[in-house]
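The primary structure of each chain is shown beneath.
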Amino acid sequence: MPFSVLFLTLSVIYAMVKRSSIQQDMNSTCFICSISSVEFQRIAKKGFEDHVKYDHNIWQYLFFLVHLKTKDRTEYTGPESYVSECLKESNYSFFPVNRALCLRQGESDENERLEKLEEVAQMLLQKVNGMEEHIEKLTELQSRSRSNSLMLSPM
Ligand SMILES: [Zn+2]
């Protein structure tokens, strides 16, 4: 299929999607990773609109697939060869379903928080251990001084 025809076809699809209920779904869920807009508003710094416009732009994905179809195989770059091989084997794992890099930031923040909490817990545990040793020593000293005072006391 010549590129101009492909471009026209894609433009028609784009116009249809713009007017259909698919567009409504696309306003609440990312078409590429299927993650809901709520998740992006909650975790990602730039939000859902930025995500579907720049990270997972459906039209860029579509044009990339068209680009693969129209490009000479011998001129493929590494990523192009990889995706092309995946497509040949009907392997769609390259599609980031339920994955988005901008949400990873949230994950790493969460992991950092957990690490800090673990550090604090570890520090508290050490302090408690130190206090236990202190109490043991005090108890020992107390019992020693009691027995000393018993020995010294006159009968
Ligand atoms: Zn997405």
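Computed from a predicted model, the values in this text were never measured in an experiment. (Residues numbered from 1 in each chain as written. Predicted model: local features only at pLDDT ≥ 70, side-chain atom pairs only at ≥ 80, totals over all residues.)

K.L.:
Tell me what's going on with the overall build of the protein chain, and back it up with residues and numbers.
P.N.:
Helix and strand counts for the protein chain come out as 7 helices and 0 strands. Each helix and strand of the protein chain, placed in order from N terminus to C terminus, yields the pattern α-α-α-α-α-α-α. For the protein chain, the proportion of its 155 residues judged to be buried stands at 6%. Counting contacts in the protein chain only where the partners sit at least 6 residues apart, residues at least 24 apart contribute 60% of the total. (Helix = DSSP H or I, 4+ residues; strand = E, 2+ residues; numbered from the N terminus. Buried ≥ 20, exposed ≤ 12 C-beta atoms within 10 Å, placed from the backbone. Contact = placed C-beta atoms within 7 Å.)

K.L.:
Explain helix α6 (residues 78–88) residue by residue, including any values.
P.N.:
Burial of α6 is sparse: only 0 of the 11 residues sit out of reach of the surface. Just beyond α6, the residue with positive phi is Ser90, at close to 55°.

K.L.:
Before we move on, can you summarise the nonpolar core with the specific residues and values?
P.N.:
Of all hydrophobic cores here, the largest spans 8 residues; its members are Cys30, Cys33, Ile35, Phe40, Ala44, Phe48, Val52 and Ala100. In this structure Cys30 touches Ile35, His51, Val52 and His56, once residues within four positions along its chain are discounted. (Core = buried A, V, L, I, M, F, W, Y, C linked by C-beta atoms within 7 Å.)

K.L.:
I'd love a proper account of unusual backbone geometry, names of residues and values included.
P.N.:
With a phi close to 65°, Ser34 is a non-glycine residue in the positive phi region. Checked against the element boundaries, Ser34 lands in the loop between α2 (21–28) and α3 (37–42). Assessed through the 14 C-beta atoms surrounding it within 10 Å, Ser34 is described here as partly exposed. Here the phi dihedral of Asn98 falls at roughly 60°; this positive angle occurs in a residue that is not glycine. Relative to the helices and strands, Asn98 is located in the loop between α6 and α7 (101–152). Exposure remark for Asn98: the 10 C-beta atoms within 10 Å place this residue in the exposed category.

K.L.:
Tell me about the confidence of the model for the protein chain, residues and numbers included.
P.N.:
Confidence in the prediction for the protein chain averages 82 pLDDT; 82% of positions are at 70 or higher. Considering each helix and strand of the protein chain separately, the mean pLDDT is smallest for helix α1 (residues 3–19), with a value of 69, and largest for α6, with 93. (pLDDT = per-residue confidence, 0-100.)

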